[in-house]
Amino acid sequence: MGDLERGRIEFFMKKTFELAKNMGTKTAPNPPVGAILVKENKVIGEGFHKGAGFPHAEVSAIESAVKKGFDTKGAEIFVSLQPCNFYGRTPPCTHIIQKYGIKRVFFSVYDPNIKGKYEIEGAEVIGGVLEDEGKRILLPFLTFLKERRPYVILKYAQSIDGKLADREGRSKYISSEKSLLITHKLRAKVNFILVGKKTVEVDNPHLDARRYKDRVILRVKKLIGGEFPAPVKIVLGIPSSFANLNILGGNNVVFIFNGSQKELRKISEFLSSGEVRNVSFLSLSRTSPHDILNFVYENGGLSLLVEGGPGTLWRFIKERAFDELWVFVAPKIFGGGKGFDFPDSFLFGQEVNLTLCELKRLGDDIFLRYSAREDKLIWDLW
């Protein structure tokens, strides 16, 4: 294969990556995938997977070309993930590719679910195109399959003197509007978001993606008829009061607790009020980070965002139960206040070591993105 042909193939493959990133992990438990159909070096169809039960990206790309009146015979298809050759909720994509006379199939990442001999009758199949780039888009899905857990991002904002909250424990809006927009954009891409009960009590957050108004997000939300941008909210513990909590509006909320008598009384009072729409309670004998990850995994979540407070974040850091750490540093000085001041700590040689993968200025804030993974990768989500 010459450089010109390789460049052409990579050019079209990169277009599938952009389509795949539209959905983040909202395709859970399925992978986010993009596809384009090309004939005579012109894109005649494109598509991306919108979630379980919806057509796969290859089918969407082919259908879009057919609706436009294009003849698909002899065309090429480019897909960010190896087209499936097995029956699930939908028929194998390899059958559709064969049916419409597509002559060449290019894909980036090999699907770990596909075993044994792989071929598509009447078509040339070439895999592994820009595979390293494709894997970064699929990092949550690959983590879900191989490690049987969601991909975990920890996120917090702090002042330049290391405070996550003021002396009264308030941490809401330490960072700037630009930083908040990035946070909401991230929320729109993940499946679950977790905070501790103290964060709910003190900051009364919404935990939604209302600031993110991307046209693709709004179009897909309308198509699937649901709260697309908002993740399922998890609260670790039972707050002192359920009155006027912002998290109770919109998408599903799950309160996870240890089952103490005090907590059970609060829940009983709340349930008796009748305001239980989209709210559920889960009692676990243990509520360690790994128990939380198992809950998210069993419910098909590819990704989990942990936003605080400091105690909840520390539990995940201490157990090394995360893939990325996002830090927003705001140009503010509190002097006193709340930071990571805990009695337990690491000694030299035991500390958690991270890899800085991204550094960006957001107005006067600084955004730092670290990988905690052995492979030092981060999820390519936009």
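Quantities reported herein were computed from a predicted structural model and do not represent experimental measurements. (Residues numbered from 1 in each chain as written. Predicted model: local features only at pLDDT ≥ 70, side-chain atom pairs only at ≥ 80, totals over all residues. Heavy atoms only, no water.)

(A) Spotlight on the nonpolar core. Counting 32 residues, the largest nonpolar core has Ile-247, Phe-255 and Trp-326 as its most contacted members. Listing elements by their share of this core, those giving two or more residues are strand 6 (151-159), helix 6 (177-187), strand 7 (192-196), strand 9 (253-257), helix 9 (261-272) and strand 12 (324-330). Leaving out residues up to four positions away in the same chain, Ile-247 has contacts with Val-200, Pro-205, His-206, Leu-207, Lys-233, Val-235, Val-253 and Phe-255. Core analysis: the second largest hydrophobic core is formed by 28 residues, Leu-154, Phe-192, Leu-304 and Val-327 among them. (Core = buried A, V, L, I, M, F, W, Y, C linked by side-chain atoms within 4.5 Å. Buried < 20%, exposed > 50% of the residue type's maximum accessible area, 1.4 Å probe, protein only. Helix = DSSP H or I, 4+ residues; strand = E, 2+ residues; numbered from the N terminus. Contact = heavy atoms within 4.5 Å.)

(B) Expanded view of the side chain of Asp-166. Looking at the secondary structure, you find Asp-166 in the loop between strand 6 and helix 6. Ignoring sequence-local partners within four residues, the contact set of Asp-166 consists of Phe-334, Gly-337 and Lys-338.

(C) Representation of the sheet that holds strand 1 (residues 34-39) within the structure. Read across the open sheet, the five strands follow the order 2-1-3-4-5; overall the sheet is mixed. With partners counted over all chains shown, the strands left at the sheet margins are strand 2 (42-48) and strand 5 (124-126), one partner each. When strand polarity is set aside, the average angle formed by the axes of neighbouring strands in this sheet is 15°. As paired strands, strand 3 (residues 76-81) and strand 4 (residues 104-109) are joined by five bridges and run parallel to one another. Among the inter-strand pairings, Leu-81 is bridged to a residue of strand 4, identified as Val-109. Across the sheet, helix 1 (residues 3-20) touches strand 1, strand 2, strand 3 and strand 4, and the angle it forms with strand 3 is around 55°. (Pairing = 2+ DSSP bridges. Axes fitted to C-alpha atoms, helices over the stretch in contact; angles between N-to-C directions.)

(D) Representation of helix 5 (residues 139-147) within the structure. For helix 5, every residue scored as buried is listed here: Leu-139, Pro-140, Phe-141, Leu-142, Thr-143 and Phe-144. Phi turns positive, to about 55°, at Arg-148, one or two residues after helix 5.

(E) Broad picture of helix 11 (residues 310-318). Of the residues making up helix 11, those classed as buried are Thr-312, Leu-313, Trp-314, Phe-316 and Ile-317. In this structure, the buried residues of helix 11 make contact with strand 6, strand 7, helix 10 (289-298) and strand 11 (303-308). Arg-320 sits one or two residues past helix 11 and shows a positive phi near 55°.

(F) Representation of the layout of surface pockets in the model. Taken as a whole, the largest pocket spans an internal volume of roughly 1,000 Å³. Going through the elements one at a time, strand 6, helix 6, strand 7, helix 7 (197-203), strand 9, strand 11 and helix 11 are the ones with two or more residues in the lining of the largest pocket. Residue classes in the lining of the largest pocket are distributed as 17 nonpolar, 16 polar and 13 charged. In this structure, the second largest pocket occupies an estimated 490 Å³ of space. Along its surface, the second largest pocket is lined by 27 residues, and Asn-30, Pro-31, His-56, Phe-86 and Asn-113 are the ones closest to its centre. Sorting the residues of the lining of the second largest pocket by element identifies helix 2 (57-67) and helix 5 as the ones contributing at least two each. Looking at which element gives the most residues to the lining of the second largest pocket, the answer is helix 5, with three residues. Each residue belonging to the lining of the second largest pocket can be placed in one class, and the counts come to 15 nonpolar, nine polar and three charged. (1 Å grid on protein atoms, 1.4 Å probe; cavity = no way out; pocket = protein on both sides within 12 Å on 5 of 7 lines; lining within 4 Å. Points joined across faces, edges and corners; volume = space filled by probe spheres on them. Nonpolar A, V, L, I, M, F, W, Y, C, P; charged D, E, K, R; others polar.)

(G) Up close: the pattern of salt bridges. Counting across every chain of the model gives 23 salt bridges. The partner of Arg-373 in a salt bridge is Asp-323, and the shortest N-O contact between them spans 2.8 Å. Linking Arg-373 in the segment after strand 14 (365-371) with Asp-323 in the loop between helix 11 and strand 12, this pair joins segments that are 50 residues apart in sequence. Each member of the pair, Arg-373 together with Asp-323, is buried. When salt bridges with common partners are traced through the structure, they connect Glu-5, Arg-8, Glu-76, Arg-104 and Glu-124 into a single cluster. (Salt bridge = Lys/Arg side-chain N within 4 Å of Asp/Glu carboxyl O.)

(H) Geometry of the packing of aromatic side chains. The full count for this structure, using the stated rule, is 17 aromatic pairs. Taken together, a centroid distance of 5.6 Å and an interplanar angle of 50° make the contact between Trp-314 and Phe-346 tilted. Of the two residues, Trp-314 sits in helix 11 while Phe-346 sits in the loop between strand 12 and strand 13 (355-362), which places them 32 residues apart along the sequence. Of the residues examined, Phe-346 reaches a relative accessible area of 27% and is grouped as partly exposed. Through a chain of ring-to-ring contacts, the aromatic side chains of Phe-11, Phe-12, Phe-78 and Phe-106 assemble into a single cluster. Taking the ring centre of Phe-48 as reference, the NZ or CZ of Lys-50 above it sits at 4.6 Å. The lysine or arginine in question, Arg-320, covers the ring of Phe-346, its NZ or CZ lying 5.0 Å from the ring centre. (Phe/Tyr/Trp six-rings, centres within 6.5 Å; stacked < 30°, edge-to-face > 60°. Lys NZ or Arg CZ within 6 Å of the ring centre and 35° of its normal.)

What is shown is where atoms sit, not what they do.
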